[in-house]
Amino acid sequence: MDQPHRVIREGVIAGIIGATAVAVWFLIVDTISRRPFYTPAMLGNLVASVFDRQAHTGIGFFPVAGYTVLHYALFVLAGIIVTLIIHRAEREPTILALLLILFVAFEVGFYGLVAVLSQFAAFGSLAWYQVMVGNLLAAVLMGNYLWRTHPALTQQFARALDGAEH
């Protein structure tokens, strides 16, 4: 049986890697458009407006910091969930094929949601393709970390795609 602290540690590391990849990507995008921290400020203000109708609307410390904390917390949660699935997949390889299908379905749905929401003024200039690049960077870096942490995954994944059991 896997030690819970190992799963949590790997998940936290994977989540931090993914969150940092997305944060750096949007810092680059925002800086190129001469609006550093625009995306986390815009999303932070949007989240704050859910709780307070008179929330701040500019680029400031609190919207950026608040959204950054939320961003990292969600990525750490995602990292822990993916790590749990990977640990389970070491015993049941077919779970890896399911993980791949769920990942693709989630990403396509998420990009569709971003594309629809980008039509609303509150989302500013957040483009689905920018989100896609950020998410793909995060997925590749998180996946690379987890793949290197679990070298047996290559054989397990091949087995899962072939439909072979243990």
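Residues numbered from 1 in each chain as written. Predicted model: local features only at pLDDT ≥ 70, side-chain atom pairs only at ≥ 80, totals over all residues. Heavy atoms only, no water.

### Digging into helix α2 (residues 38-51)
To keep it simple, the criterion reads: Counting from the N terminus, the helices are the DSSP runs of H or I reaching at least four residues and the strands are the DSSP runs of E reaching at least two. Here the expected span of a helix is defined as 1.5 Å times the quantity of residues minus one. Pairs of residues are marked as contacts when any of their non-hydrogen atoms sit within 4.5 Å.
The terminal C-alpha atoms of α2 lie 20 Å apart, and with 14 residues this matches the ideal 20 Å at 1.5 Å per residue to within 8%. Each element contacted by the buried residues of α2 is listed here: α1 (4-32) and α3 (61-89).

### Observations regarding the packing of aromatic side chains
The condition is simple: Only Phe, Tyr and Trp rings are paired, with Trp represented by its six-membered ring, and only when their centres lie within 6.5 Å; those with planes under 30 degrees apart are stacked, over 60 edge-to-face, the remainder tilted. Only protein chains enter the calculation, and the probe is 1.4 Å; a residue is then buried if its accessible area is under 20% of its type maximum, exposed if over 50%, and partly exposed in between. We count a charge as sitting over a ring when the NZ of a lysine or the CZ of an arginine lies within 6 Å of the ring centre and within 35 degrees of the ring normal.
Enumeration according to the criterion identifies two aromatic pairs in this entry. Taking 5.3 Å as the distance between ring centres and 75 degrees as the angle between the ring planes, the aromatic pair formed by Phe 61 and Phe 62 counts as edge-to-face. Note on Phe 61: relative accessible area 61%, which makes it exposed. On the basis of an interplanar angle of 15 degrees and a centroid distance of 5.8 Å, the ring pair of Phe 106 and Phe 110 is categorised as stacked. Separated by four residues within a single helix, Phe 106 and Phe 110 lie in helix α4 (residues 94-117), roughly one turn from each other. Taking relative accessible area as the criterion, Phe 106 reaches 52% and is therefore assigned exposed. Note that Arg 35 overlies the ring of Tyr 38, its terminal NZ or CZ placed 4.1 Å from the centroid.

### Considering the packing of α2 against α3
Where we set the bar: Axis geometry follows a simple rule: fit a line to the C-alpha atoms, using only the stretch in contact for helices, then measure angles between N-to-C directions, giving values from 0 to 180 degrees. Here the word oblique covers every angle except those under 35 degrees (roughly parallel), over 145 (roughly antiparallel) and from 65 to 115 (roughly perpendicular). Charged means Asp, Glu, Lys or Arg here, nonpolar means Ala, Val, Leu, Ile, Met, Phe, Trp, Tyr, Cys or Pro, and polar covers whatever is left, Gly included.
Running from N to C, α2 and α3 cross one another at 85 degrees; their axes reach a closest spacing of 7 Å. The pairing of α2 with α3 is recorded here as roughly perpendicular in orientation. Between α2 and α3, the contacting residues are Pro 40, Ala 41, Leu 43, Gly 44, Asn 45 and Val 47 on the first element and Pro 63, Val 64, Tyr 67 and Leu 70 on the second. Partitioned by chemical class, the residues of the contact of α2 with α3 number eight nonpolar, two polar and no charged.

### Focus: α4
If you check α4, its first and last C-alpha atoms are 35 Å apart, about what 24 residues at 1.5 Å a residue would give, namely 34 Å. Turning to α4, its buried residues are Ile 95, Leu 96, Ala 97, Glu 107, Tyr 111 and Val 114.

### Notes on a nonpolar patch on the surface
Spelled out, the test is: Patches here are clusters of residues that have more than 30% relative accessible area and form no salt bridge, with a 9 Å joining cutoff for like charges and a 5 Å cutoff for nonpolar side chains (Val, Leu, Ile, Met, Phe, Trp, Tyr). Per-residue accessibility takes into account occlusion by the displayed protein chains alone, with areas from the Shrake-Rupley method and a 1.4 Å probe. Salt-bridge detection follows one rule: a side-chain nitrogen of Lys or Arg within 4 Å of a carboxyl oxygen of Asp or Glu.
A contiguous nonpolar surface patch, about 690 Å² in accessible area, is contributed by Val 47, Val 50, Phe 51, Leu 70, Leu 74, Leu 77 and Ile 81. Within the residue set of the nonpolar patch, elements represented by two or more residues are α2 and α3. Take the nonpolar patch: its biggest share by element is four residues, from α3.

### Considering the nonpolar core
Quick note on the threshold: Nonpolar cores are built from buried Ala, Val, Leu, Ile, Met, Phe, Trp, Tyr and Cys residues. Side-chain atoms within 4.5 Å join them into one set.
Of all hydrophobic cores here, the largest spans 22 residues; its most connected members are Phe 75, Leu 126 and Val 131. Broken down by secondary-structure element, the contributors of at least two residues to this core are α1, α2, α3, α4 and α5 (128-149).

### Notes on unusual backbone geometry
One can expect most non-glycine residues to show negative phi and most peptide bonds to be in trans. Of note, Arg 34 is a non-glycine position whose phi angle comes to about 60 degrees, a positive value. Positionally, Arg 34 belongs in the loop between α1 and α2. The backbone of Phe 37 shows a phi angle near 70 degrees, a positive value even though the residue is not glycine. Tracing the backbone through its elements, the reader meets Phe 37 in the loop between α1 and α2. Looking at Phe 37, the relative accessible area reads 42%, which means it is partly exposed.

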